[in-house]
Every structure is written in structure tokens, then in C-alpha cells.
There are 2 protein chains.
Amino acid sequence: MTQTAPSSLALRIKQAGLRLTAPRRVILQVLDSADDHPDVEELHRRAQAIEPGISIATVYRTMNALAEHGLIERQRFDDGRTRYEAVPEEHHDHFIDVETGQVVEFRSDEIERLQQDIARAHGFEIVSHRLDIFVRRKR
Amino acid sequence: MTQTAPSSLALRIKQAGLRLTAPRRVILQVLDSADDHPDVEELHRRAQAIEPGISIATVYRTMNALAEHGLIERQRFDDGRTRYEAVPEEHHDHFIDVETGQVVEFRSDEIERLQQDIARAHGFEIVSHRLDIFVRRKR
DNA sequence: GTTACAACTGCGAATTAGTCGCATTAAAGA
DNA sequence: TCTTTAATGCGACTAATTCGCAGTTGTAAC
């Protein structure tokens, strides 16, 4: 009998003390196969396509649970909708090409370190951060 | 008779082809004297204090108009409220206290420079950027 | 000044994203 | 298998924001 290998999210959801229910299995499958940044409505649509009957309230609750446990990342863009992406193994920041919309990931340990230094100097400890750099291709 | 000098926003609003109405005058005054990041409800409260009768719908509409014309910056943090600040002379980044919602501005020339370096290495030139660091007070 | 017209306003109703209470179901550990 | 309790679906609810409309008012042209 064929069975999809449990996604890393499925494993981590249990480690986080959450239950791996049928609706969640579907939502995780959707998240795993998404390489974009879907909002709840879109996640719900995709989940419904796999298994009708899943309530949008469940999608909301699941995304909140996942976000609270750090298993996904919430992205609030300027369009008023909350979107999500699976948390990458290693943190990265984004270049966004303002002309093409293309997103390029990058990572700078030096910037990460500087952030730590500055936060510490302000008496803060960092929970998370987000750096989006809007760019244009040089020519 | 005493008259407040027209704020830079008041000048720029006309240059943008928008009308400088009485409610807008008040809202601009509030924005000019704000050194925090008020949300619409707070802006409305402050505007009301100066001139009662201003509708919250007008605050919403004015802020949208200003943002569309680049005269203010919209900040959508993770607490679901949209906040605003006058476009600053000099760029800065944000610490957001995840517990209190408090926003603290900071600026690091070193981080700015690093971003330039990394962007250049990728063949990009920076248009703008946004760095939000979510923190918690150390104790 | 007066006029004219579109932009703007206040109001309350409508829309939208997200949450919640409740009765029911079903993970998962014993 | 039994038990406990988290999770679910549903629909009602809330909070933030938008919108329709009728009345007002900047502003540019006379």
C-alpha cells in the first residue's frame, strides 16, 4: 500500500505536542507542496480540492497553531491578507525585484550578528526578524 | 492672529493634486506632531481632540490617499492593525516588542552598508528596504 | 467675488478577515 | 479497548476597513 512519506511538518507537529488529525494531514500536504505564499483562503481552496469538508475555521486554527509553535512563518504584506510559508531549515532574507517581482533569497551572518549586537544594546532579545530588500537589476 | 505654519505634508499634499480640506489640515497636524506609530483609531482620537466631528472614515480615506501618493508610510505589523508614520527624512528600521507591541526605531549604518555590498554582489541596486526585528525585553 | 464641478465629507450600512462557543468526533496514551 | 481532551465543523460574532449616498467645500476659471 502506497503512503506518502510523513512530511517534516508532520513529524514536527507531533514533537510540538499537537495532534496529527486528518484535516491537518491535508493542510500539511498543501503547505509542503506550496512554493509560494498562499493566504488562508487559498490554502482552504487547495485543501478542499484534496479533501472536501475541511472548514476554513480549521485552516485558521491550524495555521495559528503552527505559527505559535514556529513551524510556519506568517507574512503580512501590504495587501491586508496574512500569508504563510513553511519555515525554511535555515533563516534567510529576501531580495524582491521591484520590476519583475522575482524573489531571491540570501543570508548574511554578518547582518545577523549585527542585529544581535544592536538588540542587546537596546536591552532586547530577538524573537525573529524579517528583512526585505526591494531592488532593481543593475545594468 | 496666530496661524500654524503649513506643514511640509500640507505643501506636499497640494503638489500631489489632493485638496487641503479642513479635516485633512487637522489630520496632517496630528501626523506632524506624532513621533510614534499611531493606528487609525489613535489618529482619529487625536484628530477629534483638536476638532470634534471628524469621521473615522475620513481618517481612513486620508491615510489611504497619503500612502498612495507616498507621503506617509504604511506599516503592517503582525498585530493586525495598520499603523502609519510620516515618511522620515532618514531611513530607520524597527524593533517591535512582541509582548507590548511597542515600536522602537533604530538605525545601523553598518547594516545599511552590508546590504549595499550584498546587493551589489548579486547584481542588484537597492530601491528600498524594510527590516523589522521582533524582540522581547531582556530581564 | 461668483460660479461650477469634482473631490471630499459624515453617516451608517456593508464587507472582509479572523475568532469563538458549542456540541460532536477522534487522536493517542494507558 | 477505554479515557481524556485536543481538534473539528458550523454558524454566529467581532473588529478593521470600505462603500454608497446625499450634502459640502476647495479650487480653478470666469
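Just above, that's the structure.
Residues numbered from 1 in each chain as written. Chains lettered and ligands numbered in written order. Predicted model: local features only at pLDDT ≥ 70, side-chain atom pairs only at ≥ 80, totals over all residues. Heavy atoms only, no water.

**Student:** Outline the pairing of strand β4 (residues 103–106) of chain B, supporting the account with residue identities and numerical values.
**Tutor:** Where strand β3 (residues 93–97) of chain B meets β4(B), 4 bridges bridge the pair, whose relative direction is antiparallel. Bridge pairing in β4(B) links B:Ile96 to B:Val103. (Pairing = 2+ DSSP bridges. Helix = DSSP H or I, 4+ residues; strand = E, 2+ residues; numbered from the N terminus.)

**Student:** Talk me through the protein's contact with DNA strand D; I want residue IDs and the actual numbers.
**Tutor:** By nearness alone, 21 residues border DNA strand D, and A:Thr58, A:Arg61, B:Arg19, B:Tyr60 and B:Arg81 come closest of all. In DNA strand D, the atoms that sit within 4 Å of the protein are 67% sugar and phosphate, with bases accounting for the remainder. Separating a phosphate oxygen of DNA strand D from a side-chain N or O atom of A:Thr21 is a distance of 2.7 Å. At a separation of 3.3 Å, a phosphate oxygen of DNA strand D approaches a polar side-chain atom of B:Lys14. Those elements that provide at least two residues to the surface near DNA strand D are α2 (22–32) and α4 (56–68) of chain A together with α4 (56–68) of chain B. Counting residues per element, the surface near DNA strand D draws most heavily on α4(B), at 4 residues. By residue class, the composition of the surface near DNA strand D is 7 nonpolar, 6 polar and 8 charged. (Near = heavy atom within 4 Å. Polar contact = N/O pair within 3.5 Å; in protein donor to acceptor, adjacent residues only side chain to side chain. Nonpolar A, V, L, I, M, F, W, Y, C, P; charged D, E, K, R; others polar.)

**Student:** Any chance you could break down the relation of the copies chain B and chain A for me, citing the residues and the numbers?
**Tutor:** Each copy of the sequence occupies a distinct position, and chain B is placed on chain A by a rotation of 179° and an axial shift of 0.2 Å, giving an RMSD of 2.8 Å. Taken together, the rotation and translation relating the two chain copies correspond to the operation of a two-fold axis. When each C-alpha of chain B is compared by its distance to the rotation axis, B:Leu131 comes out closest, at 1.8 Å. (Least-squares fit on C-alpha atoms with pLDDT ≥ 70 in both.)

**Student:** Summarise the environment of B:Ile27; cite the residues concerned and give the values.
**Tutor:** All names here are of chain B. Looking at the secondary structure, you find Ile-27 in helix α2 (residues 22–32). Classification of Ile-27 as buried rests on a relative accessible area of 2%. In the structure, Ile-27 is positioned 27 residues away from Ile-54 in sequence and 9.2 Å away in space, judged by C-alpha atoms. Among residues more than four places away in sequence, those in contact with Ile-27 are Thr-58, Val-59, Thr-62 and Met-63. (Buried < 20%, exposed > 50% of the residue type's maximum accessible area, 1.4 Å probe, protein only. Contact = heavy atoms within 4.5 Å.)

**Student:** Go over the pattern of salt bridges with me, naming the residues and quoting the values.
**Tutor:** All names here are of chain B. With the rule as written, the count across this model stands at 17 salt bridges over all chains. In this structure, the salt-bridge partner of Glu-42 is Arg-45, at a minimum N-O distance of 2.2 Å. Placement of both Glu-42 and Arg-45 in helix α3 (residues 40–50) is noted, with a separation of 3 residues, approximately one turn of the helix. Put simply, Asp-36, Glu-41, Glu-42, Arg-45 and Arg-46 are held in one network by salt bridges that share partners. (Salt bridge = Lys/Arg side-chain N within 4 Å of Asp/Glu carboxyl O.)

**Student:** Go over the interface of chain B and chain A, please, and point to the residues and values.
**Tutor:** Contacts between the two partners involve 36 residues from chain B, matched on the other side by 36 residues from chain A. Between chain B and chain A, roughly 3,500 Å² of surface is buried when both sides are summed, and carbon and sulfur atoms account for 63% of that area. There are 0 salt bridges connecting chain B and chain A. At the junction of chain B with chain A, the criterion picks out 11 residue pairs in polar contact (both at pLDDT 80 or more). At the level of elements, β1 (72–76), β3, β4, α5 (109–121) and β5 (124–137) of chain B are the ones that each hand at least two residues to the side of chain B that touches chain A. Tallying contributions element by element places β5(B) first for the side of chain B that touches chain A, with 14 residues. Two strands pair when backbone bridges link them, and strand β5 (residues 124–137) of chain A and β5(B) are joined in this way by 13 bridges, in the antiparallel orientation. The residue bridging A:Phe134 from the neighbouring strand is B:Ser128, located in β5(B). (Buried area = accessible area lost by both parts, 1.4 Å probe.)

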